[in-house]
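Commentary on secondary and tertiary structure
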Amino acid sequence: FAQAPHFPNAVYAIAINPVNTSIVYAATDNGVLKSTNGGGSWDVINTGLPSARVTALAIDPNNPSTIYAGTAGVYKSTNAGATWVQASTGIPSTSLGVAAIAIDRTNPSLLYAGLFASSGFGLVRSTDAGANWIAVTSSVLPKTTFDGLVIDPANSSIIYAASMNGGVFKTIDKGVSWTNVSNGFP
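Here the structure is a predicted model, which means the values were calculated and not measured.

**Digging into the overall build of the protein**
A tally of regular secondary structure across the protein gives zero helices and 16 strands. Taken against the 2.2 N^0.38 rule, which gives 16 Å for 186 residues, the C-alpha radius of gyration of the protein at 16 Å falls within 12% of a compact globule. The buried share of the protein, taken over its 186 residues, is 51%. Here the contacts in the protein between residues at least 6 apart in sequence split such that 38% fall between residues at least 24 apart. Counting every atom, the protein has about 8,400 Å² of accessible surface; 54% of that belongs to carbon and sulfur.

So this is what it looks like as structure tokens:
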């Protein structure tokens, strides 16, 4: 994988453990940092990560020991960040890295990732907890970077995806079909 543009000392994402809110993770240019005291102090937890630069994080809402990190691909920890293993099978090698990750709270094996796309579709989906990924394609979705993803907390069939060059897109069927909901954006 190539790397997206570098921004020194940037923090790209923050994730809070839903069971113990004193545990906070940060995705940074120095890797994944973890605080166990609500941000009072931080430790680097990069064992197994190939790059110091991490741009996305997501915590499994049903099992907060499972965390996904986006860097030059997706990496997964099942031990609260102590170690990481690659979970990127199927992510296009043309991707410049992972910009966003979202987990379906009703089915945590269902994941979505937004990619820094140099070409092709920048949205991928996994139905097996990150073991394999496939491109999410639609004639409505632009072939560009998707750097924002959010799943509706009241209805996990509804997902919003923000693209760098094409606005905001919405699905009401877990990513099968999409509509552009950017009407009225300046």
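**Side note on the pattern of salt bridges**
Counted under the stated rule, the structure contains two salt bridges. Here Asp29 makes a salt bridge to Arg53, at a shortest N to O gap of 3.4 Å. Placement of Asp29 in the loop between strand 2 (24-28) and strand 3 (31-35) and of Arg53 in the loop between strand 4 (43-44) and strand 5 (56-59) is noted, with a sequence separation of 24 residues between them. The class of Asp29 is buried, set by a relative accessible area of 8%. Here Arg53 falls in the buried class, since its relative accessible area comes to 7%. Measuring nitrogen to oxygen at the nearest pair gives 2.4 Å for the salt bridge that ties Asp104 to Lys174. Remark: Lys174 occurs in the loop between strand 15 (167-171) and strand 16 (179-180) and Asp104 occurs in the loop between strand 9 (95-103) and strand 10 (111-117); sequence separation between them is 70 residues. In this structure Asp104 comes out as buried when scored by relative accessible area, which is 0%.

**Let's talk about unusual backbone geometry**
At Ala80, a position not held by glycine, the phi torsion is positive, near 60 degrees. The residue Ala80 is located in the loop between strand 7 (73-77) and strand 8 (85-86) in this model. A positive phi angle, close to 60 degrees, is found at Ala129, a residue other than glycine. Mapped onto the elements of the fold, Ala129 is located in the loop between strand 11 (123-126) and strand 12 (134-135). For Ala129, a relative accessible area of 18% gives the class buried.

**Digging into the packing of aromatic side chains**
This structure, assessed with the given rule, holds one aromatic pair. Each ring, one from Phe146 and one from Phe169, has its centre 6.2 Å from the other, and the planes form 65 degrees; the classification is edge-to-face. Of the two residues, Phe146 is situated in strand 13 (residues 146-151) and Phe169 in strand 15; the sequence distance between them amounts to 23 residues. Each member of the pair, Phe146 as well as Phe169, carries the same accessibility label: buried.

**Overview of the pairing of strand 14 (residues 159-163)**
The two faces of strand 14 differ: Ile159, Ala161 and Ser163 on one face are buried, but Tyr160 and Ala162 on the other face are not. Here strand 13 pairs with strand 14 via five bridges, running antiparallel. Bridging from a neighbouring strand, Leu149 pairs with Ala161 of strand 14. Here strand 14 pairs with strand 15 via five bridges, running antiparallel. Each residue of the ladder has a partner; that of Ser163, found in strand 15, is Gly167. Hairpin connection from strand 14 to strand 15: three residues lie between these consecutive antiparallel strands.

Conventions adopted
Residues numbered from 1 in each chain as written. Predicted model: local features only at pLDDT ≥ 70, side-chain atom pairs only at ≥ 80, totals over all residues. Heavy atoms only, no water. Helix = DSSP H or I, 4+ residues; strand = E, 2+ residues; numbered from the N terminus. Rg over C-alpha atoms; globule rule 2.2 N^0.38 Å. Buried < 20%, exposed > 50% of the residue type's maximum accessible area, 1.4 Å probe, protein only. Contact = heavy atoms within 4.5 Å. Areas by Shrake-Rupley, 256 points an atom, 1.4 Å probe, with all protein chains shown as cover. Salt bridge = Lys/Arg side-chain N within 4 Å of Asp/Glu carboxyl O. Phe/Tyr/Trp six-rings, centres within 6.5 Å; stacked < 30°, edge-to-face > 60°. Pairing = 2+ DSSP bridges.

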